[in-house]
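# Notes for the structure review
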Amino acid sequence: MAYRTNTWLAMWMLLTAVLSATSPAVALLGIPDFLEMGDCAKVVLKEDFDPVKYSGLWFDIESVPNQYQHTKKCVTQNYTWTGEYMNVATRGLTDEDEKVRQGAVMHVEEYDVEKPDPAYMTVDAAGVPAAPYQIIATDYRTYSCVYSCLEYFGFRAEFAWVFGRTTTLPPSTIAKCHKKFTSMGVDPKKMFPIVQGAACPYYEKLDEMMATSERQLVALLGPDLPTTSTTTSTTTTSPVTSKLAREEDLLEDIQGTVRLEEKIVKEIETKVEANQEVNRVAVEEKEGDVDYSSGLRSSASCLLLSLLCITVLMLH
């Protein structure tokens, strides 16, 4: 899968490549910390992604730090699918607790892919480079795992997010995204939690926000069926639900292992092909150095013998 590049990032990456050995110069010129050597990950997108179901309110739970993203705390995203593209309204606070409101448009990527997939969009916003927005996993109602990467000149700018429909997510849910990222070769340790909750400006009207969000989710997804039984004051998890959850986790682990093995096999095949090419060239060079003088001498002897026989026959 190809990844987007742009002039802004290309210039930074080229400059980083030139100055990679001179860290004082890098610091002086303010080259972004998120640039690193390597290629973007090979992404497996969410199958049969439905942008309509994705619409609504999301909270940033974790992300890879990005110094060019103005919102740092209390970040919310409100998505609205128009039928052709996604409108995005972002709100949050800067590191200095200044309120920020930003608008963006996400459209399905058509140029850098073999086949357009709504799970792979491109974000266009004022003041920042256009960037991929790839939905790796989501259940629409609880969480979403998103990956973005730009690459050029052997460098990459790689980002990842965990979004939630609520201000917090259980560790087990966040771990689902971490597993997805790890299976792609993306280190989730680069991600940091985003401040949400009581310290945020929205907190006073959070109940109203969540009620509105729930009504929208019910309209899009249907009612949220209970997964627990409460026949007594103690809430117990349904055995069937627990079994399904374990099976889903096992399936994710298996899929991650398969993708990793496929990557390893591909690398081995590439190395084998390279070795075969080296051997082929060596054989051709060796064949080019063969001494043909003995063959030529034999041919000359045969020719002289034939001429002698002809001469004898003519004399007779």
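Structure report, in brief. (Residues numbered from 1 in each chain as written. Predicted model: local features only at pLDDT ≥ 70, side-chain atom pairs only at ≥ 80, totals over all residues. Heavy atoms only, no water.)

## Notes on the state of the cysteines
Test applied: By disulfide we mean two sulfur atoms from cysteines, separated by a distance within 2.5 Å. Helix numbers and strand numbers start at the N terminus; a helix is a DSSP run of H or I with at least 4 residues, a strand a run of E with at least 2. Relative accessibility under 20% of the residue-type maximum defines a buried residue, over 50% an exposed one, and the middle range a partly exposed one, all with a 1.4 Å probe and only protein chains included.
Tallying each qualifying case throughout the model produces three disulfides. Each sulfur of the disulfide joining C40 and C149 lies 2.0 Å from the other. Disulfide C40-C149: the torsion about the S-S bond is -85°, which places it as left-handed. Taken as a pair, C40 in the loop between β1 (35–37) and α3 (51–54) and C149 in strand β8 (residues 143–152) lie far apart in primary sequence, 109 residues in all. Its relative accessible area of 0% is what places C149 among the buried residues. Sulfur-sulfur distance for the disulfide between C74 and C200 comes to 2.1 Å. Handedness here is read from the sign of the S-S torsion; for C74 and C200, about -85°, the answer is left-handed. Taken together, the residues C74 in strand β3 (residues 73–81) and C200 in the loop between β10 (192–193) and α5 (206–221) connect sequence positions 126 residues apart. This pair shows no difference in class: C74 is buried, exactly as C200 is. The cystine pairing of the protein, numbering bonded cysteines in sequence order, is 1-4, 2-6, 3-5.

## Looking at a positive patch on the surface
Where we set the bar: To count toward a patch, a residue needs a relative accessible area over 30% and no salt bridge; like charges are then connected within 9 Å, while nonpolar side chains (Val, Leu, Ile, Met, Phe, Trp, Tyr) are connected within 5 Å. Accessible surface area values rest on a Shrake-Rupley calculation with a 1.4 Å probe, where residue burial reflects the displayed protein chains alone. When a carboxyl oxygen of Asp or Glu is within 4 Å of a side-chain nitrogen of Lys or Arg, the pair counts as a salt bridge. Neither His nor the chain ends is counted toward charge; the positive residues are Lys and Arg and the negative residues Asp and Glu. All charge positions are set by atom: Lys at NZ, Arg at CZ, Asp at CG, Glu at CD.
Together, R91, K99, R101 and K205 make up a positively charged patch on the protein surface. Assignment of secondary structure puts K205 in the loop between β10 and α5. Overall, the relative accessible area of 44% leaves K205 in the partly exposed class.

## What about the nonpolar core?
To keep things clear, this is the line we draw: Working definition of a nonpolar core: buried Ala, Val, Leu, Ile, Met, Phe, Trp, Tyr and Cys residues. They are joined through side-chain atoms within 4.5 Å. Contacts are assigned to residue pairs with any non-hydrogen atoms lying within 4.5 Å of each other.
Residues Y54, Y79, Y133, Y147, F163 and F181 are the most contacted members of the largest nonpolar core, which totals 50 residues. With six residues, strand β9 (residues 155–164) is the largest single contributor of residues to this core. Each residue touching Y133, except ones within four places of it in the same chain, is listed here: Y54, Y79, M106, A119, Y120, M121, V123, V146, Y147 and F163.

## Overview of the environment of V186
Examined against the element boundaries, V186 turns out to sit in the loop between α4 (171–184) and β10. As for V186 and K42, which are separated by 144 residues in sequence, their C-alpha atoms are 9.7 Å apart. If we ignore the near neighbours within four places in the chain, the residues touching V186 are A41, Y147, E158 and F181.

## Looking at the side chain of T71
Take T71: it is sitting in the loop between β2 (56–63) and β3. Exposure remark for T71: the relative accessible area of 4% places this residue in the buried category.

## Focus on the environment of E96
Mapping E96 onto the fold places it in the loop between β4 (85–93) and β5 (99–108). With 23 residues separating them in the primary sequence, E96 and K73 have C-alpha atoms 9.7 Å apart.

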